[in-house]
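If you want the building blocks of each chain, they are given just below.
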Amino acid sequence: MTRKPPANPPADGGAQSPAAPPAGEPAAEGAAASPLDEKFAIPVGAVASPVPGGKSPVKQIVQDKTPPAPKAAADDGDDEDDEDDDDDEELVVFTAREAAGALATIAHFVRPILPNYRKMIAIVMFGVVVETLFNVIMPLSLKFLIDDALGEEDFQELYKILSILAIAGVITSIVAVWYERWDARLAASVITDVRNRLFEHVQRLPAGYFARTKRGETLSRFSIDMAAFENVVEIFANTAMLPLLELVAGIILMLFLNWQLAVVALLIFPITLIGPRILTPKAVQANYEQKVQEAGLLGMVQENVAAQAVVKAFSLQRKMFGFFTLRNNATRNKIAEAVFLRSMVERSVTVAVLLLHLVVLAIGAYLATKGQITVGTFVTFESAFWEVSYNIAHLMQFIPVAIQAAAAVRHMEELLDEPTPIADRAGAAVLPRITDNIAFERVTFSYEGAEQPVLDNLSLKLKAGRTIAIVGPSGSGKSTLLNMILRLYQPDEGRISIDGVDVRKVTLDSLRQSMAVVFQENMLFNMSIRDNIRLGKEGATDEEVVEAAKKAEIHRYIMSLPDKYDTQVGERGDTLSGGQRQRLAIARAIVRDPSVLLLDEATSALDQTTEAAINKTLLKLARGRTMIFSTHRLTSVVEMDEIIVISGGQAIERGSHKELLAKNGVYRKLWDDQKNRGYDDDEDDDDEDDDDEE
Ligand SMILES: Nc1ncnc2c1ncn2[C@@H]1O[C@H](COP(=O)(O)OP(=O)(O)OP(=O)(O)O)[C@@H](O)[C@H]1O
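Basis of the calculations
- Residues numbered from 1 in each chain as written.
- Predicted model: local features only at pLDDT ≥ 70, side-chain atom pairs only at ≥ 80, totals over all residues.
- Heavy atoms only, no water.
- UniProt positions renumbered as here; feature names shortened; annotations may be inferred.
- Near = heavy atom within 4 Å.
- Polar contact = N/O pair within 3.5 Å; in protein donor to acceptor, adjacent residues only side chain to side chain.
- Areas by Shrake-Rupley, 256 points an atom, 1.4 Å probe, with all protein chains shown as cover.
- Helix = DSSP H or I, 4+ residues; strand = E, 2+ residues; numbered from the N terminus.
- Contact = heavy atoms within 4.5 Å.
- Axes fitted to C-alpha atoms, helices over the stretch in contact; angles between N-to-C directions.
- Left-handed = near helix turned anticlockwise from the far one by under 90°.
- Nonpolar A, V, L, I, M, F, W, Y, C, P; charged D, E, K, R; others polar.
- Phe/Tyr/Trp six-rings, centres within 6.5 Å; stacked < 30°, edge-to-face > 60°.
- Buried < 20%, exposed > 50% of the residue type's maximum accessible area, 1.4 Å probe, protein only.
- Lys NZ or Arg CZ within 6 Å of the ring centre and 35° of its normal.
- Lys, Arg positive; Asp, Glu negative; His and termini not counted.
- Salt bridge = Lys/Arg side-chain N within 4 Å of Asp/Glu carboxyl O.
- Arc of directions from axis to C-beta.
- Pairing = 2+ DSSP bridges.
- pLDDT = per-residue confidence, 0-100.

- Going by an unreviewed UniProt entry, the protein chain carries the name ABC transporter ATP-binding protein and comes from Rhodopseudomonas telluris.
- Per its UniProt entry, the protein chain bears the Sequence similarities (unreviewed entry) comment "Belongs to the ABC transporter superfamily."
- UniProt, in the comment section headed Subcellular location (unreviewed entry), describes the protein chain in these words: "Cell membrane".

**A closer look at the site of the ligand**
Then, in step 1: Residues in contact with the ligand amount to 13 residues; listed here are only the nearest, S474, K478, S479, T480 and H632.
Then, in step 2: Within the contact set of the ligand, an oxygen atom lies 2.6 Å away from a side-chain nitrogen or oxygen of S474.
Then, in step 3: Taking G477, its main chain carries an N or O atom lying 3.0 Å from an oxygen atom of the ligand.
Then, in step 4: When the free accessible area of the ligand is taken as 620 Å², the share hidden by the protein chains comes to 62%.

**Comments concerning the side chain of T377**
Then, in step 1: Relative to the assigned elements, T377 resides in helix α13 (residues 375-417).
Then, in step 2: Ignoring sequence-local partners within four residues, the contact set of T377 consists of K143, D147 and L257.

**Quick notes on the UniProt feature "transmembrane region" (unreviewed entry) in the protein chain**
Then, in step 1: With numbering aligned to this structure, UniProt lists the feature "transmembrane region" (unreviewed entry) at residues 121-146, 158-179 and 349-368.
Then, in step 2: The span residues 121-146 shows a helical share of 100% and a strand share of 0%, and its end C-alpha atoms are spaced 38 Å apart.
Then, in step 3: Across residues 349-368 one finds 100% helix and 0% strand; the C-alpha atoms that close the span lie 28 Å apart.

**Some thoughts on the packing of helix α4 (residues 118-150) against helix α8 (residues 224-257)**
When two helices pack together, you describe them by how their axes are tilted relative to each other and by the distance separating the axes.
Then, in step 1: Between α4 and α8, the least distance of the axes is 9 Å, while the angle of their chain directions is 35 degrees. The chirality of how α4 crosses α8 is right-handed. Taking contact as the criterion, the partners of V124, M125, V128, V129, E131, T132, N135, V136, P139, L140 and K143 in α4 are, on α8, A237, M241, L242, L245, E246, A249, L253, F256 and L257.
Then, in step 2: Residues that form the contact of α4 with α8 fall into these classes: 15 nonpolar, 2 polar and 3 charged.

**Let's talk about the packing of aromatic side chains**
Then, in step 1: If you walk through the whole model with that rule in mind, you get 8 aromatic pairs.
Then, in step 2: Measuring from centroid to centroid gives 5.4 Å for F445 and Y489, while their planes differ by 50 degrees, and the two rings are tilted. Highlighted residues: F445 in strand β3 (residues 437-445) and Y489 in the loop between α14 (478-485) and β6 (493-498), separated in sequence by 44 residues.
Then, in step 3: F445 gets classed as buried once you look at its relative accessible area, which sits at 4%.
Then, in step 4: Chaining the aromatic ring pairs together yields one cluster made of F445, Y447 and Y489.
Then, in step 5: Looking at R185, its charged tip hangs above the ring of W182, at a distance of 4.5 Å from the centre.

**Quick look at the side chain of E653**
Then, in step 1: Relative to the helices and strands, E653 is located in strand β12 (residues 650-655).
Then, in step 2: There is no salt bridge for the buried E653, and the closest opposite charge comes from K663, which lies 5.8 Å off by N-O distance.
Then, in step 3: For E653, the side chain forms a polar contact with the main-chain nitrogen of Y667, separated by 3.2 Å.
Then, in step 4: Those residues in contact with E653, other than ones at most four positions away along the chain, are I643, I644, V645, L660, G665, V666 and Y667.

**Here we look at helix α7 (residues 215-222)**
Then, in step 1: If you check which residues of α7 are buried, you get T218, S220 and R221. End-on, the buried residues of α7 take up no more than an arc of 160 degrees, which puts them together on one face. Projecting away from the buried face of α7 at angles above 90 degrees are the exposed residues R215 and L219.
Then, in step 2: On its buried face, α7 sits against α5 (155-204), α6 (207-212), α8 and α13.

**A short note on the sheet that holds β3**
Strand pairing in a sheet relies on backbone hydrogen bonds. The paired strands run either parallel or antiparallel.
Then, in step 1: Taken in spatial order, the 4 strands of this open sheet run β4-β3-β6-β7, and their pairing is antiparallel. Each of the sheet's edge strands pairs with one partner strand only, and the pair in question is β4 (455-463) and β7 (501-502).
Then, in step 2: With 6 bridges connecting them, β3 and β4 associate as antiparallel partners. From the neighbouring strand, F445 faces β4, where its bridge partner is L455.
Then, in step 3: Here α14 sits on the sheet in contact with β3, β4 and β6, set at roughly 115 degrees to β3.

**Observations concerning the sheet that holds β12**
Then, in step 1: The strand order across the open sheet formed by 6 strands is β8-β9-β10-β5-β11-β12, and the pairing between neighbours is mixed. On the outer flanks of this sheet lie β8 (515-518) and β12, each paired with one strand and no other. Going across the sheet, the axis of each strand differs from the next one's by a mean of 20 degrees, ignoring polarity.
Then, in step 2: In the sheet, β8 pairs with strand β9 (residues 596-600) via 4 bridges, with the strands oriented parallel. Counterpart to V518 in the pairing with β9 is L599.
Then, in step 3: Against the sheet, α14 touches β5 (467-471), β8, β9, β10 (626-630) and β11 (642-647), its axis set at about 150 degrees to β9.

**A word on the confidence of the model for the protein chain**
Then, in step 1: The predicted model of the protein chain has a mean per-residue pLDDT of 79, with 83% of residues at 70 or higher.
Then, in step 2: In this model, residues 45-88 is a region of pLDDT below 50 whose contacts with residues beyond four sequence positions or in other chains number 97 contacts.
Then, in step 3: As scored by the predictor, the complex reaches a pTM of 0.70 and an ipTM of 0.96.

**Description of the pattern of salt bridges**
Then, in step 1: Counted under the stated rule, the structure contains 19 salt bridges.
Then, in step 2: A salt bridge links R530 to D542; the nearest nitrogen and oxygen atoms lie 3.7 Å apart. Here D542 lies in helix α17 (residues 542-551) and R530 lies in helix α16 (residues 529-534), a separation of 12 residues in the sequence.
Then, in step 3: Residue R530 is classed as buried on the basis of its relative accessible area, which comes to 17%.
Then, in step 4: Judged by relative accessible area, D542 falls into the partly exposed class, the value being 34%.
Then, in step 5: In this structure, a network of salt bridges that share partners links the residues R530, D531, R534, D542 and D566.

**Looking at unusual backbone geometry**
Then, in step 1: With a phi angle near 65 degrees, R487 is a residue other than glycine that sits in the positive phi range.
Then, in step 2: As for its position among the elements, R487 is in the loop between α14 and β6.
Then, in step 3: Looking at R487, the relative accessible area reads 9%, which means it is buried.
Then, in step 4: The backbone phi angle of N664 is positive, close to 60 degrees, even though this residue is not glycine.

The following block contains the structure:
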């Protein structure tokens, strides 16, 4: 909610507070260019209630509608407590232009969703209108109560008014409960829709997006941004819609009671902005300095914790504590100044509203004594005026939440605007089982932003039905080549074909259905072992799952677990070792019974014994299908039908192990290097069934 100065910028990188001065630069004072750019400051945490002594009597009778503060410490409606909470306040600064922009952004974002929920929206609107009407009837009843019932000592009229009020109160309460329920459903549905939309979109984003975007960035759309959006959606009805309607109703009521007095009251209302206008720049600057000091303190703590060994070895504890105290004391002064100024921004509004009320009270009392308005009208007018002031405060409190949400919405829109490639061209054919070859035809490919192409005019034919190893120095493009067969990336130039058909002309689904892949880093999903293997083939029977696990040399381990195939693997398969995850991934690929098996460093997390066993199985499995195997470990490729050496974006050597050794080229050099090193780059393997392979 709080837009912080640059020293401590918002995690979401959202709209910057225009009033937040950059480091070392004081907040600009003086008038802004346009009234729309006038800065408003809302200390969030203690809700600015312009009504001295708390809520209007009307609100107390109807319900507690204190707006939730847009941070954890929500207001409890107790103003005394609010003052005690001042330390927790944060200053939110915004301009009218920003507020309008934020509301427009959110409206634009949710507009396409709303038609799905016409019924819910109608119910909520109805409820809000009923509640608003009651909140108009309440002060209006004072007029009749005072003028007609009490003034005339007409007890019948008194009972009549009280009865109407009681009935209206009961009906409104029932309607309020009813519509709040629908409001909650509506909010939940909108949030669910947006989350679904985001998730579905992320699923369809191309591999290039994930290659260039930090994972945290995508995740924060679902966490930080969704939280801000949820916040605004959840509080919209009670903190924006209802106060807005009540504000309009209150103004109409005031105009109805005495339009001259109403015009005077509304015309002098802007005096409430004088205080914030003078104090906001000072408060913003103090707030900024407080944050800078606090960031410095945190830095000291971080440094101290990291350097504990040095602190202890040189007995620096007292010295460090001295430095810390000095800085902490300086921070205390900044906090005190900032807290004071923040509360002054709020207090200035309270005082101005009080003065305003005194003026209205004085004029009203004068008119009443002169007999120009009745006492009932005078009291009702006052009540309506409180109502208006109160609802303005509510709306002001909603704006920081909306601004925060708008920044979040913009982030989500950015993600939704990421283009998703159209999966299939019109008339794309279903890929038949591969019979002849996979061919790279003059393929050039570079990753986005990279200067050098990874594949440079590469022409390569991979014969179907063979076991083919792709080897080469690290970074030579082995994984890229495999990913391109899967159509995770498209060539910049040239084409990849299967049996002569450009892979872009077949349906993505049929292309990927015919293949299975095992990556170096194998992600498992937070589900049972059985379900993880079954992800390879929808509807695979239990027997097929077990069979695949056996072939992947993991069945015996699974059977040693208390829950066997029903064992939950935890998030990302964290409860398993790297080798176990890899074998499960191999099982997931095997169960698919693919015509092309792609293995990208798939056995790198295994020890040599297990790797040899799996390689033997894989070679058996490869019969009748094409297996393309990228690896660093040349011992694994000795028995492959063909080995292709990739380097500098080209296939520089190809042949069987023996042929390549005889060639005395790059492969020979790689082989000798590995032999001399004794393959000591193997990772430790913690598999328990390493020595009891099946
Ligand atoms: N997502 C990516 N974005 C940008 N560049 C990438 C990306 N993935 C790989 N590269 C670069 O492309 C080149 C080829 O990478 P690739 O992973 O295909 O090589 P590799 O031969 O499989 O490497 P290794 O043997 O180390 O796994 C490398 O220079 C790498 O830095």
